[in-house]
Amino acid sequence: MTDSKLCALAIKAMENSYSPYSSCKVGAALLTKSGKVYTGCNIENASFTPTVCAERTAFFKAISEGEKEFEKIAVAGGKDGVVTGAFSPCGVCRQVMSEFCSPDFEILIVKGEESFDKVKLSDLLPYSFKKENVK
Ligand code: THU
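Residues numbered from 1 in each chain as written. Predicted model: local features only at pLDDT ≥ 70, side-chain atom pairs only at ≥ 80, totals over all residues. Heavy atoms only, no water.

Enquirer: Mind laying out helix 1 (residues 3–13), listing which residues take part and the relevant values?
Expert: The complete set of buried residues in helix 1 reads D3, L6, C7, A10, I11 and A13. In a view along the axis of helix 1, the buried residues occupy a sector of 160°, so they form one face of it. Contacts made by the buried residues of helix 1 are with strand 1 (24–32), strand 2 (37–41), strand 3 (70–79), strand 4 (106–112) and strand 5 (115–120). (Buried < 20%, exposed > 50% of the residue type's maximum accessible area, 1.4 Å probe, protein only. Helix = DSSP H or I, 4+ residues; strand = E, 2+ residues; numbered from the N terminus. Arc of directions from axis to C-beta. Contact = heavy atoms within 4.5 Å.)

Here you go:
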């Protein structure tokens, strides 16, 4: 699975976004260490708080199917479905990633059809609170 292909799958996943309140369509494509891809989209709610981001949809789909090891995730999003590169994972999604991924887990932030930034989870969530801290 190339980075470009994973980004294309994230763009494709935007199609199922349920976002009548923000009009921001977001898609994510999560690659497991075994090579399988789980996609997700943002799902909003009239009560706002239950809204879930594309990244967490992808993670929770994968985890509920028994997946435990993750390689990287691509995230694509934009107002009215126009991808701009503005959709970096929110703080809650970063915390969910830190529960299941190592600090070198890669996040591809899609900026356009053939353009993306690549960052590591440790860049997005340094000095994180993890399961080791609870023991
Ligand atoms: N959103 C995501 O799905 N992922 C992100 O990385 C940031 C924000 C969604 C949540 C909400 O439906 C909309 O984008 C506007 O915040």
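Now that the structure has been shown, the text picks up again.
Enquirer: Summarise the nonpolar core; cite the residues concerned and give the values.
Expert: Across soluble globular proteins, nonpolar side chains show a tendency to be buried alongside one another. Formed by 20 residues in total, the largest nonpolar core has its most connected members in L30, F59, F70, I73, M97, F105 and I107. Among the secondary structure elements, those contributing two or more residues to this core are strand 1, helix 2 (54–64), strand 3, helix 3 (91–100), strand 4 and helix 4 (121–124). Considering every element that reaches this core, the biggest residue donor is helix 2, with four residues. Beyond its immediate stretch of four places on either side in the chain, I107 contacts I73, P89, M97, D117, K118, V119, K120, L121 and L124. C7, I11, L31 and V110 belong to the second-largest nonpolar core, a separate cluster that totals twelve residues. (Core = buried A, V, L, I, M, F, W, Y, C linked by side-chain atoms within 4.5 Å.)

Enquirer: Any chance you could break down the site of the ligand for me, citing the residues and the numbers?
Expert: The environment of the ligand is made up of 13 residues, and the closest members are N42, E44, C53, A54 and E55. In the model, an oxygen atom of the ligand is placed 2.9 Å from a nitrogen or oxygen of the A54 main chain. Measuring from an oxygen atom of the ligand, one finds a side-chain N or O atom of E55 at 2.6 Å. Isolated, the ligand exposes 380 Å² of accessible area, and the fraction of that covered by the protein chains is 80%. Given that more than half its atoms are within 2 Å of the pocket grid, the ligand belongs to the largest pocket. Broken down by secondary-structure element, the contributors of at least two residues to the shell around the ligand are strand 1 and helix 2. Split by residue class, the shell around the ligand holds seven nonpolar, four polar and two charged. (Near = heavy atom within 4 Å. Polar contact = N/O pair within 3.5 Å; in protein donor to acceptor, adjacent residues only side chain to side chain. Areas by Shrake-Rupley, 256 points an atom, 1.4 Å probe, with all protein chains shown as cover. 1 Å grid on protein atoms, 1.4 Å probe; cavity = no way out; pocket = protein on both sides within 12 Å on 5 of 7 lines; lining within 4 Å. Sits in = over half its atoms within 2 Å of the grid points. Nonpolar A, V, L, I, M, F, W, Y, C, P; charged D, E, K, R; others polar.)

Enquirer: Lay out the layout of surface pockets in plain terms, naming residues and giving numbers.
Expert: Approximately 160 Å³ is the volume found for the largest pocket. Across the lining of the largest pocket, the residue classes break down as eight nonpolar, four polar and two charged. (Points joined across faces, edges and corners; volume = space filled by probe spheres on them.)

Enquirer: Please set out the pairing of strand 3 residue by residue, giving values where relevant.
Expert: The element strand 3 is extensively covered by neighbouring structure, given that eight of its ten residues are classed as buried. Where strand 1 and strand 3 come together, nine bridges link them in antiparallel fashion. Bridging from a neighbouring strand, L31 pairs with K72 of strand 3. As judged from the four bridges shared by strand 3 and strand 4, these two strands associate in the parallel manner. Each bridged residue has a counterpart across the sheet, and for A74 the counterpart in strand 4 is L108. Between the parallel elements strand 3 and strand 4, the chain passes through helix 3 in a crossover that is right-handed. (Pairing = 2+ DSSP bridges. Right-handed = clockwise from strand over helix to strand, strands pointing away.)

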